[in-house]
Amino acid sequence: MQTTINAWYTLIAPFYEQLMRIEEPPEARKQLFTHLNIQSGERVLEIGSGTGKNVDYYPSSTRVTFLDINHSMLRRAKRKQKRNSGSYTLVRADATRLPFADNSLDVVVMTYALSAIPENERALQEAERVTRPGGHIGILDFVRAFPFPMGGMSSLNLFNLLREREGNLVCGEYLPKKRQGIYILQVP
Ligand SMILES: C[S@@+](CC[C@H](N)C(=O)[O-])C[C@H]1O[C@@H](n2cnc3c(N)ncnc32)[C@H](O)[C@@H]1O
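For clarity, every value in this text was computed on a predicted model and none was experimentally measured.

### Some points on the pairing of strand β6 (residues 169-175)
So, step 1. Sheet topology places β6 next to strand β7 (residues 180-186); six bridges connect them, and they run antiparallel. Counterpart to Y174 in the pairing with β7 is G181.
So, step 2. Where β6 hands over to β7, the hairpin turn is made up of four residues, of which R179 adopts a positive phi near 55°.

What follows is the structure, given as structure tokens:
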């Protein structure tokens, strides 16, 4: 399954941002980052960072690691780095086996990433493992729909994953028009 998904993202990397313009509720990314309120100097990991669409939302002087499994997407993110004065690192890795120590990050960001990862429960557990207690995980994603092609195969169980973590939710906003949601989890 992961090989197919990787091949899919290699194929669509050149058009990915145009395709997402159709799927994304306007301002949804901005809303997520406003809620997250990332502070200068915080250690941030963005999982499934794709082409780096979020690059402009990070405050300068934030240390961000963009992590993705797909070379073509990462290559595009690399080009965007120059637009922002922040400090960025690009890492090619699997979200289900993050190459980071426990509790080593302040913030993890996942926009349209969990729904693209077949083992999304494992990916969320990994995000929780690497985030320090009191740190935040920011999610923007499809939660109820099964939209092809951008929503991925796993969006149906995302809603359940978030419901299981209700006690850790510090912000949850369902965007009904696109069946997406913005969620901030605080790691206990
Ligand atoms: C829908 S795109 C989202 C890209 C970006 N976060 C955004 O908001 O536009 C999903 C991304 O997740 C990546 N991905 C899929 N499975 C992954 C995995 N197991 N580990 C890391 N990245 C993965 C894909 O390569 C792709 O770049």
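### Regarding the sheet that holds β7
So, step 1. Reading across from one edge, β3-β2-β1-β4-β5-β7-β6 is the order of the seven strands in this open sheet, with mixed pairing throughout. The open sheet has two free edges, formed respectively by β3 (87-92) and β6, since each of these has just one partner strand. For this sheet, the mean inter-axis angle between neighbouring strands, taken without regard to orientation, is 15°.
So, step 2. Bridging between strand β2 (residues 63-68) and β3 involves six bridges; their strand directions are parallel. Looking at the pairing, R63 lines up with S87 of β3.
So, step 3. Along the sheet face, helix α3 (residues 28-36) touches β4 (105-111), β5 (131-142), β6 and β7 and points at about 15° away from the line of β7.

Rules of the game
- Along each chain, numbering runs from 1 in the same order as the chain's sequence is written.
- Where local features are concerned, this predicted model is filtered to residues with pLDDT of at least 70; where side-chain atom pairs are given and counted, the filter is 80 or more; whole-chain, interface and lining totals use all residues.
- Here the rule is simple: two strands pair whenever DSSP picks up at least two bridges between them.
- Working definition: helices are DSSP H or I runs of at least four residues, strands are E runs of at least two. Numbering for both runs from the N terminus.
- Between N-to-C directions, angles span 0 to 180 degrees; the directions come from axes that are lines fitted to C-alpha atoms, helices contributing only their stretch in contact.
- The contact rule is simple: place each C-beta atom from the backbone, and if two of them lie within 7 Å, those residues are in contact.

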